[in-house]
Amino acid sequence: MIDIESIMRDEAVRISEILQNAVDPHVHSGPSVAPRAIDHLELVKAYSAAGLRAVVTKDHDYSGVMCAKLIRDHNPDLKTKIYSGIVLNNVVGGLNPYAVEHTAAMDGRIVWLPTLAAENHLEWQKTSDWAHPAATQKMRPASGVPLFENGKLRPELLDILEVVAKSGLALASGHVHVSETKVIFEEARKRGVERLIFTHPEDIVGASFDDVKEIATMGAFVEHSLAFFAEGSKFRNRTNDELRTFIDCVGPERTILCSDLGQTGTISPLEGLRCGVATCLALGYSDAQTHAMMGTNPALVIGLENG
């Protein structure tokens with residue numbers, strides 16, 4: 001049995017070195033309607049002290065690009081640069097190309113397909129044995145955002161893909177079903193979208209390993225949420241061996257490890273990243289491979305120069 005706690009203690013310096021210039025492209029800091037343990041500025045300060053290069057905040061209900069710009073402009077001394085994106089849920093109007101254009105104009109980095117308002121998510125939560133933390137304290141329950149009409153991608157979604165292609169934003173699959181992701185990513189590629197992220201195939205989206213491989217062959221990076229793997233995370237529902245299987249499915253060169261943390265009552269995003277590094281070392285990945293999954297690859301997919 002792997003003793004991650006001992007590795008984190010004994011290899012603390014090595015872990016810190018691997019995290020230099022790392023990028024967390026998926027973290028849930030606040031303010032938010034959902035309970036958050038850390039706000040955007042607190043997050044950037046913690047990540048800067050740890051030497052991270054960048055972070056992309058994600059909120060299920062609003063585009064955080066304005067908050068990110070405010071923090072960047074007024075805290076030029078912080079090493080970690082904060083960016084954000086937009087999730088195409090009900091609160092922003094669902095498939096809203098205007099909102100996507102606005103996000104791009106304000107230096108947003110990622111457009112997520114629907115999450116809490118994905119039709120797949122709404123079906124998943126009916127039988128899930130855990131409640132999604134952002135589904136609480138809502139003014140009204142989410143309603144499904146349809147992506148298809150008469151078997152074809154909706155015109156609004158095609159418009160969004162054009163905006164993503166022209167602006168250089170990354171397109172992430174969110175919580176839509178893997179079968180929908182394949183169709184959308186294929187169309188995105190046809191329209192010139194260069195940066196694709198397959199969001200946590202280990203949960204909610206119904207993906208098999210064959211699905212993961214197929215989507216990676218489209219040029220997508222496969223993003224795994226350490227919230228589901230890290231010891232101490234209240235969302236942990238996967239083992240260390242499963243993490244190795246997921247990584248080996250497409251290789252470290254196509255894998256991204258993000259925290260997907262920031263919620264109340266669990267480990268912090270930085271703790272999640274440190275635990276993720278320790279787990280990768282315990283599983284036999286090299287320092288360079290681990291840094292690629294937590295630094296080089298996410299930097300490339302959000303458009304940072306020099307990887």
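1. Comments concerning the sheet that holds strand β1 (residues 23–27)
So, point 1. If you trace the three strands from one edge of the open sheet to the other, you get β1-β2-β3, paired in parallel fashion. Of all strands in the sheet, those bounded by a partner on one side alone are β1 and β3 (81–83). When strand polarity is set aside, the average angle formed by the axes of neighbouring strands in this sheet is 15 degrees.
So, point 2. With three bridges joining them, β1 and strand β2 (residues 54–57) adopt parallel strand pairing. Looking across to β2, one finds that aspartate 24 is bridged to valine 55.
So, point 3. Packing of helix α3 (residues 40–50) onto the sheet brings it into contact with β1, β2 and β3, and relative to β2 it is tilted by some 155 degrees.

2. Remarks on helix α10 (residues 240–250)
So, point 1. Every buried residue of α10 is accounted for by Asn240, Leu243, Phe246, Ile247, Cys249 and Val250.
So, point 2. Looking at the buried positions of α10, the neighbouring elements they touch are α1 (4–10), α9 (209–217), β10 (221–225), β11 (255–258), α11 (269–282) and α12 (287–301).
So, point 3. Glycine 251 lies just past α10 and shows a positive phi near 90 degrees.

3. A short note on the pattern of salt bridges
So, point 1. This model, assessed by the stated rule, comprises 14 salt bridges.
So, point 2. Salt-bridge contacts for glutamate 11 lead to arginine 14; the nearest nitrogen and oxygen are separated by 3.9 Å.
So, point 3. When the shortest N-O distance is used, the salt bridge between aspartate 211 and lysine 182 registers 2.6 Å. Of this pair, aspartate 211 sits in helix α9 while lysine 182 sits in helix α8 (residues 178–190), and the two are 29 residues apart along the sequence.
So, point 4. Owing to a relative accessible area of 19%, lysine 182 belongs among the buried residues under this scheme.
So, point 5. If you follow the salt bridges from partner to partner, you end up with Glu11, Arg14 and Asp287 in one network.

4. So, the sheet that holds strand β8 (residues 170–172)
So, point 1. Spatially, β4-β5-β8-β9-β10-β11 is the arrangement adopted by the six strands of the open sheet, whose pairing is parallel. The sheet terminates laterally at β4 (85–87) and β11, the two strands that pair on one side only. Averaged over all neighbouring strand pairs, the angle between strand axes comes to 25 degrees, with direction disregarded.
So, point 2. Pairing geometry for strand β9 (residues 196–199) and β10, over three bridges, is parallel. From the neighbouring strand, isoleucine 197 faces β10, where its bridge partner is phenylalanine 221.

Reading guide: rules and limits
Residues numbered from 1 in each chain as written. Predicted model: local features only at pLDDT ≥ 70, side-chain atom pairs only at ≥ 80, totals over all residues. Heavy atoms only, no water. Pairing = 2+ DSSP bridges. Helix = DSSP H or I, 4+ residues; strand = E, 2+ residues; numbered from the N terminus. Axes fitted to C-alpha atoms, helices over the stretch in contact; angles between N-to-C directions. Contact = heavy atoms within 4.5 Å. Buried < 20%, exposed > 50% of the residue type's maximum accessible area, 1.4 Å probe, protein only. Salt bridge = Lys/Arg side-chain N within 4 Å of Asp/Glu carboxyl O.

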